Amino acid sequence: MNADGNREGGMLERLNERFAALAGFCFDHRLLVSALCLAILAGSVSLAMHIEGDASYEAYFYEGDTTYLSYEAYREDFGSDEVAYIGFELPDLEHGPWNVAAMEALVSLTQALEDEVPFVYRVTSLANAELTIGTQDGIEITKIEDDWPLDQAELLARREAYLAKPMWVGGIINPSADFGAIIVEMDRSSTDPPEAILAEEDEWIYPGEPGNTENMYPQITDARIQEILDRPEYADFVFFGSGDVPLNAYYNRILFTEPMKLLAITVLVISTILFIAFRSFVSVVTPLSVLILTMATTVAAMVLLGFKINLSFGPTPTLLMAIGVAHSVHVLSEFGARFRAGGDRRRALVDTMYLVGVPCLLTSVTTAVGFASMSFVPIRSIGEGGIYQAIGVLAAFFFSITLLMALLSFGRATRPPTGEAVESAKGGVGTRRLLDAIARFNIQHRRPLIAAFAVFLVVFGIGATRVEVDSNWLDDFWESSWIYATTTRVDEEMGGTTNIIYLFDAGEDDGIKEPAVLREIDRIEQMAGEESWLVRKTYSIVDIVKDLNQVFHEGDPAWYRIPETREEVAQYLLLYESSGGEEAEEYVSSDYRRANLELRLRLAPTTATQDLVAKLSRSIEQEPLRETKLSLTGIGALWLRLMDYIMSSQIQGFAIAFGVITAMMIVIFRSFRIGLISMVPNLAPVFLALGAMGWFGISLDYNKVGIAAIALGISVDDTIHLMARFRHEFQVHGRYEKALEAAMSDVGRALILTSVALVLGFLVNGFSEMRAQALYGVLLSSALVVALVADFLFMPSLVLWLKPFGPEGERRPEQDVQSLRHAA
């Protein structure tokens with residue numbers, strides 16, 4: 001019985017034969033297989049060129065999500081809620097923003113932003129902010145830009161007038177009047193279709209390139225804003241850019257540039273590992289060819305499925321590269337040993353695939369299951385990521401058994417055998433001694449090892465129970481990044497950089513003008529304002545109505561309140577609109593049926609927002625609203641919904657992955673006992689990842705939601721290779737200790753190499769501009785180190801203790817031993 005002959009046995013043996021036959025086919029038809037793979041590469045690259053990006057918050061939600069639908073309804077009434085928020089100060093000028101020269105420049109800057117920036121809906125600054133004052137005939141709405149020029153005394157008088165308007169303090173000017181802001185509102189959203197966010201051709205940054213994302217919103221908007229701010233006439237200003245536009249533009253640029261940077265670093269790292277391990281240029285080029293084709297195919301699949309590159313895509317290239325190289329390491333290790341020992345290239349390939357084909361298939365399926373388990377979670381970007389990452393894992397396997405076989409077929413068909421045994425051809429003397437020492441250590445210390453790992457699981461299991469679900473999007477970035485610094489400064493000086501919005505529906509047209517309705521809005525606004533450490537600023541139609549009431553009563557602060565009758569409210573708003581007032585449009589629908597209350601929040605963990613919403617909800621339950629129907633919306637509400645999804649997604653994803661992979665292990669080994677034993681060591685990397693988060697206070701957020709399922713899906717690969725070989729060697733030798741020594745000697749080196757490739761591959765994420773992605777890489781790398789230790793020092797001890805392969809002493813006949821050794 002040999003690799004080319006007929007083999008009898010069970011399902012695994014038949015699969016072994018199929019893989020051996022496939023290797024022979026790829027050798028005999030190497031040119032055809034290579035050409036087909038080259039055609040797949042060409043088609044994949046062509047498709048991949050059409051991939052789009054989506055860095056918006058909405059990328060996390062499916063279209064049918066109720067919270068997302070509520071948010072969309074809000075946008076239909078009030079338009080896009082995306083803004084560029086530009087804080088500024090003038091430290092070298094007396095009176096700061098209220099210096100005559102500074103204000104003249106601000107008037108010019110405001111106009112330039114309105115006229116020259118694509119997709120702008122409105123620009124609001126001190127230069128054009130409405131200032132409502134009373135006159136003999138009613139009211140007058142004045143703006144600094146309309147009355148310009150003003151002298152210094154007049155400008156300082158305006159400063160006091162604006163500081164007396166609660167509407168503007170904390171929005172475009174801070175209470176000390178030395179820090180201002182420009183709010184640039186957009187008429188587009190990052191989720192609009194490409195044709196809607198492509199700028200006019202004469203505005204393109206890159207002429208003749210309509211597909212270039214730098215010619216699209218928000219990148220082109222951000223670039224134009226920055227170009228204007230950099231002009232010499234505004235040199236006295238120190239700007240602090242924040243808000244949706246610069247943040248989404250930054251994310252989009254990262255999405256399209258950073259994966260390639262990290263991919264290049266990963267290629268360099270993996271190439272170095274392969275060259276050191278195999279001392280061969282071919283052993284570097286052939287796996288990289290497989291990995292490049294894998295990446296191209298994965299992105300092409302994303303295009304076909306209608307997926308976009310979103311915030312979950314970042315680690316994908318390095319992840320697939322690291323996982324994909326594992327197959328190549330096992331193939332190259334077996335092939336190199338067999339070719340040196342036997343001297344026949346075709347026979348070496350056939351025997352290699354007979355031995356490693358099934359384990360590689362099973363590891364690919366289990367890893368794909370780990371990723372695919374996340375496709376069931378309600379977070380869209382995570383769910384889509386689980387699908388295309390699973391596709392990438394399976395693509396890597398497919399090309400490893402086809403393209404890699406074809407490429408290894410080139411070269412001398414035969415060479416003089418070296419006479420080395422297969423086992424001694426794998427690694428040097430040092431590697432063999434290390435692996436022998438590990439096997440002996442398991443044999444001599446099995447019970448202490450089991451006890452040590454039991455303690456490990458308990459300690460980190462307790463840590464896993466301490467994990468808290470929380471997030472703060474600013475923590476995604478390094479503290480040294482410009483966006484962290486500017487956002488923090490704006491948040492300190494002004495009215496918060498995130499928000500939640502309460503939407504009030506009065507049930508009828510003009511219903512918002514009813515004083516009872518306004519009082520309900522005011523009640524919620526006042527309660528929210530009591531949490532001043534978190535709620536930095538509030539905006540609503542009530543603020544405008546109160547201000548109008550005060551203006552009509554000669555500016556008396558006692559009249560800064562809601563009028564008593566609907567007629568008064570209607571009259572004030574009519575005069576306001578006829579006088580040119582436009583600010584109310586931000587807070588009430590055109591039919592005055594719906595109004596919104598915006599709470600601007602300081603940067604804080606999302607749990608703080610949850611507590612605020614819960615407090616307001618309890619108050620509303622105790623004293624229900626009678627005049628309006630209330631709903632929560634806005635970006636902040638989407639984050640809150642995301643928080644609800646995160647923990648359920650972690651539990652659901654891990655449960656699916658663990659259940660499916662455990663069932664697969666039972667089927668693979670045709671033993672319930674062996675299947676369960678093989679899964680116990682794989683709890684170690686999962687417990688480490690979650691336990692470390694719990695003990696070190698690392699929150700479980702949207703970046704780490706799938707870490708348990710993914711760690712399990714990847715770490716089980718080494719277990720399959722080692723357990724399969726362990727069982728095979730037991731069938732050969734009939735003794736557990738001898739089987740362990742043989743199995744460790746056979747596959748141990750390959751397991752070390754694949755683990756090193758995976759760990760270093762994930763550590764490449766440390767070069768990311770995103771702190772969250774770097775931390776994800778560290779956690780996953782640490783988990784995989786523990787996985788290898790568990791496979792080397794825990795799983796063998798369990799097998800030696802529980803003896804799941806059957807009783808010892810049933811050694812195969814000598815002819816069967818020789819046949820099995822030849823096949824193995």
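Residues numbered from 1 in each chain as written. Predicted model: local features only at pLDDT ≥ 70, side-chain atom pairs only at ≥ 80, totals over all residues. Heavy atoms only, no water.

A word on helix α4 (residues 100-116)
Here is the rule: Secondary structure elements follow DSSP: runs of H or I of four or more residues count as helices, runs of E of two or more count as strands, with numbering from the N terminus. To estimate the expected span of a helix, count its residues, drop one, and scale the result by 1.5 Å. Each residue is placed in one exposure class: buried if its accessible area under a 1.4 Å probe, protein chains only, is under 20% of its type's maximum, exposed if it is over 50%, and partly exposed if it falls in between. What qualifies as a polar contact is a pair of N or O atoms within 3.5 Å, subject to a donor-acceptor requirement within protein and to the restriction that residues adjacent in sequence count only when both atoms come from side chains.
For α4, with 17 residues, the first-to-last C-alpha span of 24 Å sits near the 24 Å given by 1.5 Å per residue. Taken as a whole, α4 has its buried residues at Ala102, Met103, Ala105, Leu106, Val107, Leu109, Thr110, Ala112 and Leu113. The N-capping residue of α4, defined by a side-chain oxygen 2.8 Å from the backbone nitrogen of Ala101, is Asn99.

Thoughts on the sheet that holds strand β10 (residues 629-633)
Just so we agree on the cut-off: A pair of strands is labelled paired if DSSP reports no fewer than 2 bridges between them. Structural elements are reduced to axes, namely lines fitted to C-alpha atoms, with helices fitted over the stretch in contact, and the angle between N-to-C directions of any two is expressed from 0 to 180 degrees.
Taking strand neighbours across the sheet as the criterion, the four strands line up as β8-β9-β7-β10 in an open arrangement whose pairing is antiparallel. Looking at the sheet topology across the chains shown, the edges are occupied by β8 (535-539) and β10. On average, adjacent strands in this sheet sit at an angle of 20° to one another, irrespective of strand direction. Looking at chain direction, β8 and strand β9 (residues 594-601) are connected through four bridges and run antiparallel. Within β9, the residue paired with Thr538 across the bridge is Leu599.

Notes on the environment of Glu200
Structurally, the position occupied by Glu200 is in the loop between α7 (194-197) and α8 (219-229). Judged by its relative accessible area of 56%, Glu200 is exposed. The spacing of Glu200 and Asn215 is 15 residues in sequence and 8.7 Å in space, taken between C-alpha atoms.

Concerning the sheet that holds strand β5 (residues 180-186)
If you walk across this open sheet you meet the four strands as β2-β5-β1-β6, and the pairing is antiparallel. Of all the strands in the sheet, the pair left with one neighbour each is β2 (120-124) and β6 (238-243). Pairs of neighbouring strands in the sheet enclose a mean axial angle of 20°, with direction left out of account. As paired elements, β2 and β5 share four bridges and run antiparallel to each other.

Details of helix α24 (residues 683-695)
Here α24 is 13 residues long and its end C-alpha atoms lie 17 Å apart, about the 18 Å a rise of 1.5 Å per residue gives. Most of α24 is tucked away, with 11 of its 13 residues classed as buried. The complete set of buried residues in α24 reads Leu683, Ala684, Pro685, Val686, Leu688, Ala689, Leu690, Gly691, Ala692, Met693 and Gly694. One or two steps after α24, the chain reaches Gly697, where phi turns positive at roughly 70°.

Some thoughts on the packing of aromatic side chains
Two measures describe an aromatic ring pair: the distance that separates the ring centres and the angle between the ring planes. For clarity, the threshold we go by: Any two of the Phe, Tyr and Trp rings considered here, Trp counted by its six-membered ring, make a pair once their centres fall within 6.5 Å; the pair's planes then place it as stacked at under 30 degrees, edge-to-face at over 60, or tilted in between.
Scanning the model with the defined rule gives 27 aromatic pairs in all. Each ring, one from Trp98 and one from Tyr162, has its centre 6.2 Å from the other, and the planes form 35°; the classification is tilted. Here the residue Trp98 occupies a position in the loop between β1 (83-89) and α4, and Tyr162 occupies one in helix α6 (residues 152-163), the gap between them amounting to 64 residues. The exposure class assigned to Trp98 is buried, which follows from its relative accessible area of 0%. Relative accessible area serves as the criterion here: at 1%, Tyr162 is assigned to the buried category. The interplanar angle of 75° and the centroid separation of 5.5 Å between the aromatic rings of Tyr250 and Trp482 together place this pair among those described as edge-to-face.

Considerations on the pattern of salt bridges
For clarity, the threshold we go by: What makes a salt bridge here is a side-chain nitrogen of Lys or Arg within 4 Å of a carboxyl oxygen of Asp or Glu, nothing more.
Evaluation of the coordinates by the stated rule reveals 29 salt bridges. When the shortest N-O distance is used, the salt bridge between Arg253 and Glu214 registers 3.3 Å. Taken together, the positions of Arg253 in helix α9 (residues 244-278) and Glu214 in the loop between α7 and α8 put the pair 39 residues apart, joining distant regions of the chain. One connected set of salt bridges, linked through shared partners, spans Glu334, Arg338, Arg725 and Asp746.

A word on the confidence of the model for the protein chain
For the record, the criterion: The pLDDT score gives, residue by residue, the confidence of the prediction method on a 0 to 100 scale. Any two residues whose heavy atoms approach within 4.5 Å at even a single point are treated as in contact.
A residue-level look at the protein chain finds 94% of positions with pLDDT of 70 or above and a mean pLDDT of 87. Looking across the protein chain, the model is least confident in helix α29 (residues 814-823), with a mean pLDDT of 41, and most confident in α4, with 96. Note that residues 421-425 has pLDDT below 50 and, in this model, 10 contacts with residues that lie over four places away or in other chains. Across residues 813-824, confidence stays below pLDDT 50; counting only partners more than four residues off in sequence or on other chains, it has 22 contacts.

Here's the deal with the side chain of Thr221
On the secondary structure map, Thr221 appears in helix α8. For Thr221, the contacting residues outside a window of four places in its chain are Val117, Pro118, Phe119, Met186 and Val245.

A word on empty space enclosed by the protein
Note the following rule: Cavity means a closed set of points on a 1 Å grid over the protein atoms alone, one where a 1.4 Å probe fits but cannot get out, pocket means an open set with protein on both sides within 12 Å along at least 5 of 7 lines, and lining means a residue has an atom within 4 Å of a point. Grid points are joined across faces, edges and corners, and a volume is the space filled by probe spheres set on the points. Polar here means any residue other than Ala, Val, Leu, Ile, Met, Phe, Trp, Tyr, Cys and Pro, which are nonpolar, and Asp, Glu, Lys and Arg, which are charged; Gly is therefore polar.
Scanning all chains against the criterion turns up seven cavities of 30 Å³ or more. What the largest cavity holds in volume is close to 440 Å³. Lining the largest cavity are 29 residues, and of these Leu311, Ser312, Gly314, Pro315 and Asn703 sit closest to its centre. Looking at the lining of the largest cavity, the elements that each hand over two or more residues are α9, α13 (380-401), α25 (707-733) and α27 (771-793). At five residues, α9 tops the list of elements feeding residues into the lining of the largest cavity. A class-by-class count of the residues in the lining of the largest cavity yields 18 nonpolar, eight polar and three charged.

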